[in-house]
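Structural description and commentary
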2 protein chains.
Amino acid sequence: MRVLILGMDGYLGWPLALRLLARGHDVAGIDNLYTRKAVDEVGSTSGLPILSPEDRVHAVRDIMGKELEFIVGDVTKYSVLSKAITKFKPDTIVHFAEQRSAPYSMINVKHANFTLRNNLTGTINLVYAVRKYEQRNPGKKIHMVKMGTMGEYGTPNFDIPESPYVNAQIGGKNDKIVVPKFAGSWYHWSKVHDTNNLLYANKIWGTTITDIMQGPVYGTRTKEITNDKLFSRFDFDGVWGTVLNRYCVEAVLGMPLTVYGKGGQTRAFLSLEDSMESLRLLIENRPEEKGYRVVNQFTEVYSVKDLATMTKEVAAQQGMNVEITEVENPRVEENDHYYNPEHKILPSLGLTKPTRNIREEMGIILKDLAKHKERLEEYKEAILPKVRWRK
Amino acid sequence: MRVLILGMDGYLGWPLALRLLARGHDVAGIDNLYTRKAVDEVGSTSGLPILSPEDRVHAVRDIMGKELEFIVGDVTKYSVLSKAITKFKPDTIVHFAEQRSAPYSMINVKHANFTLRNNLTGTINLVYAVRKYEQRNPGKKIHMVKMGTMGEYGTPNFDIPESPYVNAQIGGKNDKIVVPKFAGSWYHWSKVHDTNNLLYANKIWGTTITDIMQGPVYGTRTKEITNDKLFSRFDFDGVWGTVLNRYCVEAVLGMPLTVYGKGGQTRAFLSLEDSMESLRLLIENRPEEKGYRVVNQFTEVYSVKDLATMTKEVAAQQGMNVEITEVENPRVEENDHYYNPEHKILPSLGLTKPTRNIREEMGIILKDLAKHKERLEEYKEAILPKVRWRK
């Protein structure tokens, strides 16, 4: 299979390229290297060192014996995307090329607008480019795999289904409606808008789409990342880091683990390895032609306080004794809430449970990070949240 | 009251400025004159001649004896908007400054992106500028009046409520959800995204908002437009014209009235005079502080076929004998569907029924247009729809 990855330089894009190459697929990727610059902008860096695009390609050749095409370019420019598709002739396009930080989108009006424009434009360009390609190549159907987020739903009282539409009763009348969503930042809203735009493209043009609602990912390793030269980026700062990865850095630096608010916020998580395995399964098992498949991509559900407690315990086993502290929640979100997302599609494809135990995974992360303690120490200032939703 | 109108040069913006001035309010407006250029881009023009911004201000002074500030500027530039607010100190800001043609948004990827970016950016700029102004001027609350469209809802099976949220039962569980929407073009989706963004601003910052879901407007006159120098623009082409205004131009030119598809599409309409009266009522009666008021703004419900039949009859009375013809519907929309929007807020403010009879109004439109037959003849080619949703 030929797979084009938009946003291949990112935390998920890079290990996905490795996974697909290892499976024997042909892989090309596009990235504008924006995340590298934007993490720098907020005074931080990847917690693990990563190679330049050129060196990444060399490392893949040397270590895995595989060829990989890495195009440095911006998918918000239609011609960049359109040319790459015409040239590479993908069967599947994975779309990760979006600004993916909620706090970054909340910094100010400029960052809000950037996030909405950047994310919506890339997705609109993609549906148009796919449509043009399909019209010019009769019989060819591209499967578009789009990364959304479980955060699109917010924390509803109903069970979150794995489907684009759901039956609802409103004012005594029945209707099929788009699954209701309510996001918690301009970033999350950009993903909701993307989903709505994709549903529309699917309706009028029959674009074949897998829309992945993923929970926060943690981890430093996948089956392919056995050599440190193949590391993916690892963000831990207040703007770019996700919760568990940030806790692990705090533990390594001997800082208290910072729980936002009371920590009752319950989310669906998965390891980097399971994210890759899920993506592989979805890519190798496409939905029916003209289908719109929504997948809730996670393996386990925890509150952020639970995760802090687990991190503290695992860190203690490695001789790191850390406290847990509550910091004022910079976000606007519910502390106590119902949370029950459906989770059937990935099990039906074979991923029935986490392939790695979360505590073992935490142990691996802590060990990887400990080797880079000096690097992390340098960016310590960037860890606490500075962007406040209601500032 | 001090009212700032974003998009004051448009079909609704201009007569609203006149209405508010006549009521004794202080009015300023911003417009980048984009619609003038974009109508020109598709080979058309306003069916009634309109003055330049400078001459509009002079005409208002001469005819009404009122002063009006007209700022030529683009609200997608944050500083333009922010400065205008700081200087004018509005109590109310009316936001019409959006690309408002569905077919224009469907021309190609460039127009799709332009529509989404332009519309979302103006609205985001506005909520940030309002917030900054309120923070710097304690005690001051700006009422934001945003033009949306009844088209945000699509054609649902439930009764369309006048509220941002609605109770729904999903999978046996009850929840309060955002009123479900499903739009029919990138333009309409841009308005849905705007609504979602505004709901979020209201939630986290308490921005006071009236979100108007308006049906298609028809007409050439309001109480203030008694002198032809005060005419608002009047669009009739396949890209920019709304249905009834287009029928009237076809009648004047002796062309068949073009019904899209079978014409069963049912929509909620109102005259330009009633649109102005509704807006005045909503501006002079603001919602509670930090409130989010959704108003379904229309006075009558018709199918597009009904409207064609009425136009034919009224035209016949003026000696214009025209046929009705069905053209292939360029859009993707339902022909037969349930349609029952709630309509309580405007009646509760005093607009209990249409102030003008639709047939009389059609007669006035036909007479106004007949005087400009030569001008319309010149742009005849632009009337039939050329933009196809599935082309």
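Per chain, residues are indexed from 1 in the order of the written sequence. Written order determines the labels here, with chains lettered from A and ligands numbered from 1. At least 70 in pLDDT is required for a residue's local features to be given in this predicted model, at least 80 for side-chain atom pairs to be given and counted, and no such filter applies to totals for whole chains, interfaces and linings, which use all residues.

Below, the discussion takes up the overall build of chain A. Along its length, chain A carries 13 helices and 14 strands. Here, residues touch in the contact sense if the C-beta positions derived from the backbone fall within 7 Å of one another. Contacts in chain A between residues far apart in sequence, at least 24 positions, make up 83% of those at least 6 positions apart. Here a helix means four or more residues in a row that DSSP labels H or I, a strand means two or more in a row labelled E, and each is numbered from the N terminus.

Take the relation of the copies chain B and chain A next. Of the two same-sequence chains, chain B is brought onto chain A (RMSD 0.0 Å, axial shift 0.0 Å) by a rotation of 180°. The superposition of one copy onto the other is thereby described by a two-fold rotation axis. In terms of proximity to the rotation axis, the leading residue of chain B is B:Q169, whose C-alpha is 2.5 Å off the axis. A shared binding surface is used by both copies, with 100% of the interface residues of chain B retained as interface residues in chain A. The copies were overlaid with a least-squares fit restricted to C-alpha atoms from residues scoring a pLDDT of at least 70 in each copy.

Our focus in this paragraph is the interface of chain B and chain A. Facing 38 residues of chain B, the contacting portion of chain A comprises 38 residues. With ten residues, the single largest contributor to the side of chain B that touches chain A is helix α6 (residues 109–136) of chain B. For the side of chain B that touches chain A, the residue count by class is 23 nonpolar, ten polar and five charged. Two strands form a pair only when DSSP identifies at least two bridges running between them. One ladder, built from three bridges, connects strand β6 (residues 165–170) of chain A with strand β6 (residues 165–170) of chain B; its direction is antiparallel. From the neighbouring strand, A:Q169 faces β6(B), where its bridge partner is B:Q169. Under the scheme applied, nonpolar residues are Ala, Val, Leu, Ile, Met, Phe, Trp, Tyr, Cys and Pro; charged residues are Asp, Glu, Lys and Arg; polar residues are all the others, including Gly.

A pair of packed helices is captured by two measures, namely the crossing angle of their axes and the spacing between those axes. Residues and elements named next belong to chain A. Here an axis means a line fitted to C-alpha atoms, over the contact stretch when the element is a helix, while the angle between two N-to-C directions is reported on a 0 to 180 degree scale. The interhelical angle for the contact between helix α8 (residues 243–252) and helix α12 (residues 358–370), taken along N-to-C directions, is 55°, at an axis separation of 9 Å. Relative to α12, α8 is oriented oblique. Helix-helix and strand crossings are classified by hand; for α8 and α12 the assignment is right-handed. Facing C248, V249, A251 and V252 of α8, the residues of α12 in contact are M362, I365, L366, L369 and A370. Classifying every residue of the contact of α8 with α12 by side-chain character gives nine nonpolar, no polar and no charged. The scheme is simple: roughly parallel for angles under 35 degrees, roughly antiparallel for over 145, roughly perpendicular for 65 to 115, oblique for anything else. Handedness of each helix crossing follows the sense of rotation of the near helix against the far helix: counterclockwise by less than a right angle gives left-handed, clockwise gives right-handed.

Attention shifts here to the sheet that holds strand β9 (residues 217–218) of chain B. Residue and element names in this part refer to chain B. Judged by pairing direction, the sheet is mixed, and its three strands sit side by side in the order β9-β11-β13 without closing on themselves. One side of each edge strand has no neighbouring strand; the edge strands of this open sheet are β9 and β13 (300–303). Strand direction decides the pairing type here: β9 and strand β11 (residues 266–271), joined by two bridges, are parallel. Bridged to V217 within β11 is L270. Its contacts with the sheet put helix α9 (residues 272–284) on β9 and β11, and the angle it makes with β11 is roughly 80°.

Residues and elements named next belong to chain A. Exposure is read from a count of other C-beta atoms within 10 Å of each residue's own; the residue is exposed at 12 or fewer, buried at 20 or more and partly exposed in between. C-beta atoms are placed from the backbone. Alternating residues of strand β4 (residues 92–95) divide into T92 and V94 and I93 and H95, and every residue in both groups is buried. Of the strand pairs in this sheet, strand β1 (residues 2–6) and β4 are connected by four bridges, and their pairing is parallel. Following the sheet pairing, L6 is matched in β4 by H95. As defined by bridge partners, β4 adjoins strand β5 (residues 143–149) across four bridges and the pair is classed as parallel. Residue pairing for β5: H95 is matched across the bridge by K146.

The subject of this paragraph is helix α4 (residues 78–88) of chain A. For α4(A), the complete set of buried residues consists of A:Y78, A:L81, A:A84 and A:I85. Projection of α4(A) onto a plane perpendicular to its axis shows the buried side chains occupying an angular sector of 145°, all on one side. Residues A:S79 and A:K87 are exposed on α4(A) and point more than 90 degrees away from its buried face. Here the buried face of α4(A) lies against β1, β2 (26–31), β3 (69–72) and α6 (109–136) of chain A together with α6 of chain B. Once α4(A) finishes, A:K89 follows within two positions and takes phi at roughly 50°, a positive value. Note: the arc covers the axis-to-C-beta directions of the helix.

Below, the discussion takes up the sheet that holds strand β8 (residues 208–214) of chain A. All names here are of chain A. Taken together, seven strands build an open sheet; the order of strands is β3-β2-β1-β4-β5-β8-β12 and the sheet is parallel. Lying at the two open borders of the sheet, with one neighbouring strand each, are β3 and β12 (292–297). The sheet shows a mean angle of 20° between the axes of neighbouring strands, taken without regard to direction. α6 rests against β4 and β5 of the sheet, and its axis sits at about 175° to β4.

Trans is the prevailing form of peptide bonds, just as negative phi is the prevailing case for residues other than glycine. The backbone of A:L33 shows a phi angle near 60°, a positive value even though the residue is not glycine. Looking at the secondary structure, you find A:L33 in the loop between β2 and α2 (34–41). Located in the positive-phi region is B:K89, a residue other than glycine, with phi close to 55°.

Detailed reading of the predicted model is not advised wherever pLDDT is low. Predicted confidence across chain A gives a mean pLDDT of 97, with 100% of residues reaching 70 or more. Reported for the predicted complex are a pTM of 0.98 and an ipTM of 0.97. The quantity known as pLDDT measures the predictor's confidence residue by residue, on a range of 0 to 100.

Residues and elements named next belong to chain A. By the criterion of burial, β8 is predominantly enclosed, with seven of the seven residues buried. Here β8 shows two buried faces, one formed by T208, T210, I212 and Q214 and the other by I209, D211 and M213. Here β5 runs beside β8; their pairing, made up of seven bridges, is parallel. For M147, the partnering residue across the bridge sits in β8 and is I212. Pairing of β8 with β12 involves six bridges; the strand directions are parallel. What sits directly across from Q214, in β12, is Q297.

What follows deals with the nonpolar core. The tendency in soluble globular proteins is for nonpolar side chains to be buried side by side. Note on definitions: a nonpolar core is a set of buried residues drawn from Ala, Val, Leu, Ile, Met, Phe, Trp, Tyr and Cys, linked by C-beta atoms within 7 Å. Of all hydrophobic cores here, the largest spans 222 residues; its most connected members are A:I5, A:C248, B:I5 and B:C248. Beyond its immediate stretch of four places on either side in the chain, A:I5 contacts A:G13, A:L16, A:A17, A:V27, A:G29, A:V94 and A:F96. Formed by eight residues, the second largest nonpolar core is a distinct cluster that contains A:F158, A:A168, B:F158 and B:A168.

With that settled, the discussion passes to α8(A). Residues and elements named next belong to chain A. Judged by how many residues are buried, α8 sits mostly within the fold: ten of ten residues are covered. Those residues of α8 lying buried are V243, L244, N245, R246, Y247, C248, V249, E250, A251 and V252. On the buried face of α8, the contacting elements are β9 (217–218), β10 (257–260), β11 (266–271), α10 (304–317), α12 and α13 (373–378). Positive backbone phi, approximately 70°, marks G254, located one or two places after α8.

Looking at the element boundaries, A:I30 is found in strand β2. Once you skip the residues sitting within four places of it in the chain, A:I30 turns out to touch A:L6, A:M8, A:I71, A:G73, A:V75, A:A84 and A:A97.

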